[in-house]
Amino acid sequence: MSTTADSSQQPAAAPRKSARHAVTLPVPALTAPAKPKKITTAERVLSSGVRVVVVRRPSVPMVEVRLRVPFLSGKSHHLTRSALLSETILTGTEHFDRTSLAIEMQELGGDLAVGLDADRLLLSASALSAKLADLLGVFADVVSSASYPKSEVSGERARLVERITLARSEPGVIANEALGRRMAPGHPYGYGLPRIDEVQATTAAQVRALHHDLVRPEGALLIIVGDVVPSRALDIAERSLAAWTGSAGTRKVPALPQIERGGLLLVDRPGSVQTSLRFGGRALTRLDDRYPALQLANLAFGGMFSSRWVENIREDKGYTYSPRSALDHATLASSFSLSADVATEVTGPAVLETFYELGRMATLPITEAELALVRQYAIGTMSLSISTQAGLASTLSGLLGAGLDLEWLTRHRDRLAAVTVDQVAEVAAEFLAPTSLVGVAVGDADRIAGPLGRIVEVQGG
Amino acid sequence: MPTDKSTATPSPRRSAAATLRAPSFELVHHTLGNGLRVVVAPDRSAPVVGIAVLYDVGFRSEPEGRTGFAHLFEHLMFQGSANLDKLEHFRYVQASGGMFNGSTHLDYTNYFEALPSNAFERGLFLEADRMRSPRITEENLANQISVVKEEIRVNVLNRPYGGFPWLVLPPVLFDTFPNAHNGYGGFVDLESATVADASAFFDSYYAPANAVLCVAGDLDADNALELIERHFAPIRRRKRPVRPDFAEPELAAERRATVSDALAPMPAVALGYRVPDPGTDLQTYLATLLLAEILSDGDASRLQRSLVQSKRLVTDIGAYLGTFGDPLEERDPSRLNITAHYADPGATDKVIAAVDAELARLATDGTEPGEIDRVRTKFAATIFRELDQVLNRSLEFAKFQLLFGDASLILRLPSLLAQITDADIRAAAARLVPSSRAVVELIPGANA
């Protein structure tokens, strides 16, 4: 594909021909870009070890809070216990029972959610900014005195089993779990959802012990963004969290194993009207000098709508609704992944086109026009993602949790601006090559094994 | 019951809701010569703009034999226009560092961009160009029919609980085609769509006078209006279609139906209730809105406490207004949904009885002290949070202008909700009786 994608460096695009209109109108050029607003952070490390970072953003009378606690552990029972912990941490504390805690949150105009992945436990909240002190009071109460009442744990244990059953009936979940096992065999990153029998055997005492071991301030990160006075917010945080002390118990953090190589893994789902395709491979971390080039390579391949893969298998061929590739960053490694759900009858052709586009990325350079497009997209969407209180809070939590900072984000514009076509080609050759990736296809094996087997080595099914 | 928390951080317990004020946004209104209604909402706090165009047509208005056409047409609006080839719309937005999308609802269809502010005029051009003339060809139509079929497969046909309850409740709760039919569309209908159908649909419903444009964010109001005049005023004026009355008589008795889902591992049930008309009786409608929050917002809500925590009857339960969970995006007739998933296939009647018991308790005893206040505080805060995003501001102001003739209504919701009383909530609960609802039970087929 040729054409378009004029960036801010160019004047107005030339008028173009129209089949239907005698008079053609030019697409307006971009005007001078607004200077990105400087974001000022206030920061304090409390004596307990919690790092508190505050940004004043008075756009609406709200405040966003993120509390990130490192949670990576190699213990075999960690997955199950941490899953049950995240379901029950809000069901009772020294000062609240489950209902009164939820009532308190509503009165603060607030929401409090618990997120969990292999790397971290994340408490995310929003509230009216005038209620920051009360909100941090709730946070403090939860982290320092969650009590995991027996009856709540047994009730949530049964619900967790039902939720896992529901989740495992989703083809996307089946596919992601299968890919995870290949990307990180035998490692917490590859575990997926807990096993039901292990959930059923987990007790309140075990969950309480996990909280005691790992929900500790040392290494934790508290982000506050909103209509607040930073110095005051820091004082409130320090006062509120004074009772939360101690360091985390020692954790075995297992090294990430090699990807399990092999043919495309076929997972049979009889009668499936679509095939859920997932591919994955390793990627560069954001600390790597070559990362900006890889970020742009991903965008050019399939990381945005106007990318080769999406324009091919969706806008040209109509094989799928939402194909997308992505770079994800975990503490131990970053990964590159592809996801598309395609009609069963075009599974073979869809994989063929996918390999074609990956192969092109890995063996031929992208055009200067493509580079200009993905670069501008990367820079512009970065501004959009931090234009709200919630977006900025989550971005900060992700950056600081990975050992980066806002300065990294600010300088990232310049890094993106400096990337060349050759640099994109070099990283694409290494990370986007079909031979660098492993894949999973969840679908009707009777109908897709044949066509797939003519294109790639297939295992399973 | 709440424990005594007097030793925790003390906080004043007076009604926060009464004192909550929405952040103030300057709203400038204008109507172009061709009838396009314009709302400008400047706010210079971040260097980004939101552009939203809402057309007053949704899947309620699509013709019989063409189910899913409003949504298919939404896809076609991205396929090129008077001055843009296929793929160019997407590329111009993304090459500006922006994001785009569109979505089809019961009563309207929206198209929108979030852009760095230096792409503002470009965004206006892109929207004006397709309002002028989308470029719909046989090839693009065939391509997008395929894409939409894959969208329906991934969201409905290939997954458990797909389209539950939004596709299964309407045909039981309503009798007329506009209200009852499948808005995603049947494959036979989608495959029958023609370029001529698309032209006719565009001519009927995509007139400038049938649309609202809202721009928000880092812009100057005068300059924005000048640019809007420049790009949109030359679009030919066309007749604004007359919107039919979609009202249906109230139900005479409870209606019941079952659907089977071969992919679902557990049963589920959906209750759909007729609700008051928000256009003519907003006060009563807002009481129903707060009632839905009282029923299922968070762990302190009635249904969570009773059915999830105490009786342990269900895995999950939720109550919400409207088709997709936005309580203020539909005209009459709309509905209140209560849906639950549970493990025991024999428990359906017990689940429904427990819901009825909670509704009866609210209708008879009313709310607990503070219960309405905390729910409306939470609801108001949710609105503030929504309005923090420039794209949401443009979408919400445009939606309230289109459906209610008043973009600023969203900013006045906190004060309107503050007027809802315990008696209003009791009355709202008393209306949710079996004879005003449809019940659809989902029979699971997986693991059977």
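Residues numbered from 1 in each chain as written. Chains lettered and ligands numbered in written order. Predicted model: local features only at pLDDT ≥ 70, side-chain atom pairs only at ≥ 80, totals over all residues.

## Things to note about the overall build of chain A
A count of helices and strands for chain A gives 16 helices and 12 strands. For 461 residues, the compact-globule formula gives about 23 Å, and the C-alpha radius of gyration of chain A, at 24 Å, lands near that figure. If one aligns the C-alpha atoms of chain A with their principal axes, the spans along those axes are about 70 × 55 × 40 Å. Relative to its full complement of 461 residues, chain A shows a buried share of 50%. For chain A, the share of sequence-separated contacts (at least 6 apart) that also reach a separation of at least 24 residues comes to 80%. (Helix = DSSP H or I, 4+ residues; strand = E, 2+ residues; numbered from the N terminus. Rg over C-alpha atoms; globule rule 2.2 N^0.38 Å. Buried ≥ 20, exposed ≤ 12 C-beta atoms within 10 Å, placed from the backbone. Contact = placed C-beta atoms within 7 Å.)

## A look at the overall build of chain B
Within chain B, the secondary structure is distributed over 16 helices and 11 strands. Radius of gyration (C-alpha) of chain B: 23 Å, near the 22 Å computed for a compact globule of 448 residues. By its C-alpha atoms, chain B is 60 × 55 × 40 Å across when sized along the principal axes. Within the span of chain B, comprising 448 residues, buried residues form 58% of the whole. Long-range contacts, defined as pairs at least 24 residues apart, comprise 81% of the intrachain contacts of chain B with a sequence gap of at least 6.

## Here we look at the confidence of the model for chain B
With 95% of its residues at a pLDDT of 70 or more, chain B has an overall mean of 94. In the predicted complex, the global pTM is 0.94; the interface-specific ipTM is 0.93. (pLDDT = per-residue confidence, 0-100.)

## So, the environment of phenylalanine 59 of chain B
Residue and element names in this part refer to chain B. Structurally, phenylalanine 59 can be placed in the loop between β3 (48–55) and α1 (69–76). Separated by 50 residues in the primary sequence, phenylalanine 59 and threonine 109 place their C-alpha atoms 8.6 Å from one another. With near-sequence residues (within four places) excluded, phenylalanine 59 lies in contact with Ala70, His71, Thr104, Leu106 and Gly183.

## Thoughts on the interface of chain B and chain A
On the chain A side, the residues contacting the 74 residues of chain B number 80 residues. Among the elements of the structure, α2 (88–95), β5 (109–116), α3 (120–132), α4 (138–157), α11 (302–310) and α13 (371–387) of chain B are those that each provide at least two residues to the side of chain B that touches chain A. Of the residues contributing to the side of chain B that touches chain A, the split by class is 35 nonpolar, 22 polar and 17 charged. (Nonpolar A, V, L, I, M, F, W, Y, C, P; charged D, E, K, R; others polar.)

## Considerations on unusual backbone geometry
Residue and element names in this part refer to chain B. The omega angle of the peptide bond from phenylalanine 164 to proline 165 is 5°, so this bond is cis rather than trans. With respect to the helices and strands, the residue proline 165 is situated in the loop between α4 and α5 (170–173). Positive phi outside glycine occurs at tyrosine 161, with the angle close to 60°. In this structure tyrosine 161 comes out as buried when scored by C-beta crowding, with 21 C-beta atoms within 10 Å. Positive phi outside glycine occurs at arginine 312, with the angle close to 50°. Residue placement: arginine 312 occurs in the loop between α11 and β9 (316–321).

## Topic: the confidence of the model for chain A
Across chain A, the average pLDDT comes to 93, with 95% of residues at 70 or higher. This stretch, residues 1–21 of chain A, has a pLDDT under 50; its non-local contacts, to residues over four places away or in other chains, come to 35 contacts.

## Some thoughts on the nonpolar core
One finds Ala297 of chain A together with Leu290 of chain B to be the most contacted residues of the largest nonpolar core, which totals 274 residues. The element contributing the most residues to this core is helix α10 (residues 282–296) of chain B, with nine residues. Among all residues touching alanine 297 of chain A, those that are not within four sequence positions of it are Met361, Val424, Val427, Ala428 and Leu432 of chain A. (Core = buried A, V, L, I, M, F, W, Y, C linked by C-beta atoms within 7 Å.)

## Examining the sheet that holds strand β11 (residues 437–444) of chain B
All names here are of chain B. One open sheet holds the five strands; their spatial order is β7-β11-β8-β10-β9, and the pairing between them is mixed. The open sheet has two free edges, formed respectively by β7 (255–261) and β9, since each of these has just one partner strand. The average undirected angle you get between the axes of adjacent strands in this sheet is 15°. Here β7 runs beside β11; their pairing, made up of seven bridges, is parallel. The residue bridging serine 260 from the neighbouring strand is isoleucine 443, located in β11. (Pairing = 2+ DSSP bridges. Axes fitted to C-alpha atoms, helices over the stretch in contact; angles between N-to-C directions.)

## Regarding the environment of leucine 213 of chain B
Residue and element names in this part refer to chain B. One can find leucine 213 in strand β6 (residues 211–217). By the C-beta count within 10 Å, which is 27 here, leucine 213 ends up buried. Sequence-distant contacts of leucine 213, that is, excluding residues within four places in its chain, are made with Leu36, Val38, Val53, Ile228 and Phe232.

## Digging into the sheet that holds strand β10 (residues 334–343) of chain A
Residue and element names in this part refer to chain A. Ordered in space as β9-β10-β8-β11-β7-β12, the six strands form an open sheet in which the pairing is mixed. Where the open sheet ends on each side, the last strands, each with one partner, are β9 (324–329) and β12 (458–460). Here the strands of the sheet are splayed against their neighbours by 25° on average, with no regard to which way each runs. Note that strand β7 (residues 264–268) and strand β11 (residues 438–443) share four bridges and pair parallel. From the neighbouring strand, aspartate 268 faces β11, where its bridge partner is glycine 443. Of the strands in this sheet, β8 (274–283), β10 and β11 are in contact with helix α11 (residues 347–363), which crosses β10 at around 145°.

## Details of the packing of helix α9 (residues 291–303) of chain A against helix α12 (residues 368–385) of chain A
Residues and elements named next belong to chain A. Taken N-terminus to C-terminus, the directions of α9 and α12 make an angle of 110°; their axes are 9 Å apart at the nearest point. When the axis of α9 is compared with that of α12, the two are roughly perpendicular. When α9 is examined against α12, the residues Gln295, Leu296, Leu299 and Ala300 are found in contact with a partner set consisting of Glu370, Leu371, Val374, Arg375, Tyr377 and Ala378. Tallied by class, residues from the contact of α9 with α12 come to seven nonpolar, one polar and two charged. (Parallel < 35°, antiparallel > 145°, perpendicular 65-115°, else oblique.)

## Some remarks on helix α1 (residues 78–88) of chain A
All names here are of chain A. Of all 11 residues that make up α1, 11 are buried, and the element is covered over most of its length. Among the residues of α1, His78, Leu79, Thr80, Arg81, Ser82, Ala83, Leu84, Leu85, Ser86, Glu87 and Thr88 are the ones counted as buried. For α1, the elements touching its buried residues are β4 (111–116), β5 (120–128), α4 (150–167), α6 (196–200) and α7 (204–214).

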